[in-house]
Amino acid sequence: MMRRLIPDATDDVDLEAGYAVPAELPWHVRTSFISSADGAVSLDGRAGGLGSAGDRRVFALLRDLSDVILVGAGTARAEGYGAPRPVGPRLERRRRHGLPDAPVLALVSQRLSFEPDSALFPDDLPRTLVITSGTSPPERRSDLARHAEVLVCGEDTVDLVAAAAALRDRGLRRVHCEGGPRLFAGALGAGLVDELCLTVAPLLTGPGSGRIVTGLELPVPAGLDLAHVLEEDGYLFLRYQVLPAPPVS
Ligand SMILES: NC(=O)c1ccc[n+]([C@@H]2O[C@H](COP(=O)([O-])OP(=O)(O)OC[C@H]3O[C@@H](n4cnc5c(N)ncnc54)[C@H](OP(=O)(O)O)[C@@H]3O)[C@@H](O)[C@H]2O)c1
């Protein structure tokens, strides 16, 4: 049973209410991660080894409340992603929230090393989006364009601000960014992240794994405002609002 510790202690929390995004927001980017208590973002190269039943419930909910799942190629490869096609209660939940039956999967990649016939690119709708830059391999781009919608945003690397505008233009307003750490660093640096949902697993995994942000320096430390703390089986579920960055002096 999920209980709330902060802001006020409550047993058996209504998760949908706890993670609701205000309907009036025209645009919202939520990122979610799980980390061990000593800061590891993966166990044996994957996030799943850190998880719990509660974490899987929250992750499923965050997906179900989104229009688009934005993910870096490294995570899609490491975690064996496929384009989500919710069924049963999860499909009903999306319909109840007035969302299309399936969220769009949007992959961010420079190298484009994906198998075009993989589960990332099903034949049915919605089509997967591949967000890449002008210097990505042209042959791979045209191969993928037969299976996905390819968006070129930026020249040398993906310009994430342009990518966000392209999602908005398609009416994809509620973004669930599932990382990984490199994409999260880029999105934070570009000032694109509104919210971080972080699960802290009651595990110490030792050295070897990266952290939830990696690859790029952040211009300034990002401040967080704690919205809630839930708990189940010793796992902590932290919902933070990301504060606007102060001007760089
Ligand atoms: N604990 C968690 O909740 C969690 C969540 C997500 C991931 N993870 C873990 O994180 C690890 C993967 O880390 P990662 O840093 O490689 O993940 P990532 O951020 O998903 O992937 C990095 C890749 O994404 C593409 N990319 C990201 N930003 C880009 C940009 N601005 N322009 C062009 N391409 C861009 C590049 O793909 P190309 O190489 O294709 O060019 C880059 O190599 C895995 O072990 C995974 O299990 C953990």
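As a reminder, the structure under discussion sits directly above these lines.
If you're wondering where the values come from, they're calculated on a predicted model, not measured in any experiment. (Residues numbered from 1 in each chain as written. Predicted model: local features only at pLDDT ≥ 70, side-chain atom pairs only at ≥ 80, totals over all residues. Heavy atoms only, no water.)

> Go over the overall build of the chain, please, and point to the residues and values.
In terms of regular secondary structure, the chain is built from seven helices and ten strands. With the C-alpha coordinates aligned to their principal axes, the bounding extent of the chain is approximately 55 × 45 × 40 Å. Looking at the 249 residues of the chain, the share that counts as buried comes to 46%. Looking at the chain alone, contacts between residues at least 24 apart form 68% of all its contacts between residues at least 6 apart. Within the structure as shown, the chain displays about 12300 Å² of accessible surface, and the carbon and sulfur contribution to it stands at 54%. (Helix = DSSP H or I, 4+ residues; strand = E, 2+ residues; numbered from the N terminus. Buried < 20%, exposed > 50% of the residue type's maximum accessible area, 1.4 Å probe, protein only. Contact = heavy atoms within 4.5 Å. Areas by Shrake-Rupley, 256 points an atom, 1.4 Å probe, with all protein chains shown as cover.)

> Explain unusual backbone geometry to me, and be specific about the residues and the numbers.
Omega for the peptide link from isoleucine 6 to proline 7 comes to 10°, which places this bond in the cis form. Relative to the helices and strands, proline 7 resides in the loop between strand E1 (3-6) and helix H1 (15-18). Cis geometry marks the peptide bond from leucine 125 to proline 126, where omega comes out at 0°. When you line up the elements, proline 126 lands in the loop between strand E4 (104-108) and strand E5 (129-132). The backbone of aspartate 12 shows a phi angle near 55°, a positive value even though the residue is not glycine. Under the relative-accessibility criterion, aspartate 12 is labelled exposed at 58%. Not every positive phi belongs to a glycine, and aspartate 233 is a case in point at roughly 55°. For aspartate 233, the position within the fold is in the loop between strand E9 (224-232) and strand E10 (235-242).

> Give a detailed account of the packing of helix H2 (residues 53-64) against helix H4 (residues 88-96), specifying residues and quantitative values.
In contact at an axis separation of 10 Å, H2 and H4 are set at 40° when each is read in the N-to-C sense. As far as their axial angle goes, H4 and H2 are oblique. Crossing angle aside, the handedness with which H2 passes H4 is right-handed. Each of Ala60, Leu61, Arg63 and Asp64 in H2 lies in contact with H4, whose residues at this interface are Arg90, Arg93 and Arg94. Of the residues in the contact of H2 with H4, the class split is two nonpolar, no polar and five charged. (Axes fitted to C-alpha atoms, helices over the stretch in contact; angles between N-to-C directions. Parallel < 35°, antiparallel > 145°, perpendicular 65-115°, else oblique. Left-handed = near helix turned anticlockwise from the far one by under 90°. Nonpolar A, V, L, I, M, F, W, Y, C, P; charged D, E, K, R; others polar.)

> Explain the site of the ligand residue by residue, including any values.
Lining the immediate environment of the ligand, one finds 26 residues, of which Ile34, Val41, Thr75, Glu79 and Ser109 sit closest. At 3.3 Å from an oxygen atom of the ligand is found a main-chain nitrogen or oxygen belonging to glycine 72. Backbone polar atom of leucine 183 to an oxygen atom of the ligand: 2.9 Å apart, as the coordinates give it. When the free accessible area of the ligand is taken as 930 Å², the share hidden by the protein chains comes to 84%. Every element with two or more residues in the shell around the ligand is listed here: strand E2 (28-36), helix H3 (73-78) and helix H7 (181-189). (Near = heavy atom within 4 Å. Polar contact = N/O pair within 3.5 Å; in protein donor to acceptor, adjacent residues only side chain to side chain.)

> Describe the state of the cysteines, and please don't skip the residues or the numbers.
Scanning all chains against the criterion turns up zero disulfides. Its sulfur unpaired, cysteine 153 is 14 Å from the next cysteine sulfur, which belongs to cysteine 177. Cysteine 177 provides the cysteine sulfur closest to cysteine 197, a residue in no disulfide bond, and the two sulfurs are 12 Å apart. (Disulfide = S-S within 2.5 Å.)

> Report on the sheet that holds E9, specifying residues and quantitative values.
Ordered in space as E1-E9-E10-E8-E2-E7-E3-E4-E5-E6, the ten strands form an open sheet in which the pairing is mixed. One side of each edge strand has no neighbouring strand; the edge strands of this open sheet are E1 and strand E6 (149-152). The average undirected angle you get between the axes of adjacent strands in this sheet is 25°. When E4 meets E5, the two strands line up parallel, connected through three bridges. Paired with valine 108 across the two strands is isoleucine 131, which belongs to E5. Packing of H2 onto the sheet brings it into contact with E2, strand E3 (68-72), strand E7 (174-177), strand E8 (195-201), E9 and E10, and relative to E2 it is tilted by some 165°. (Pairing = 2+ DSSP bridges.)

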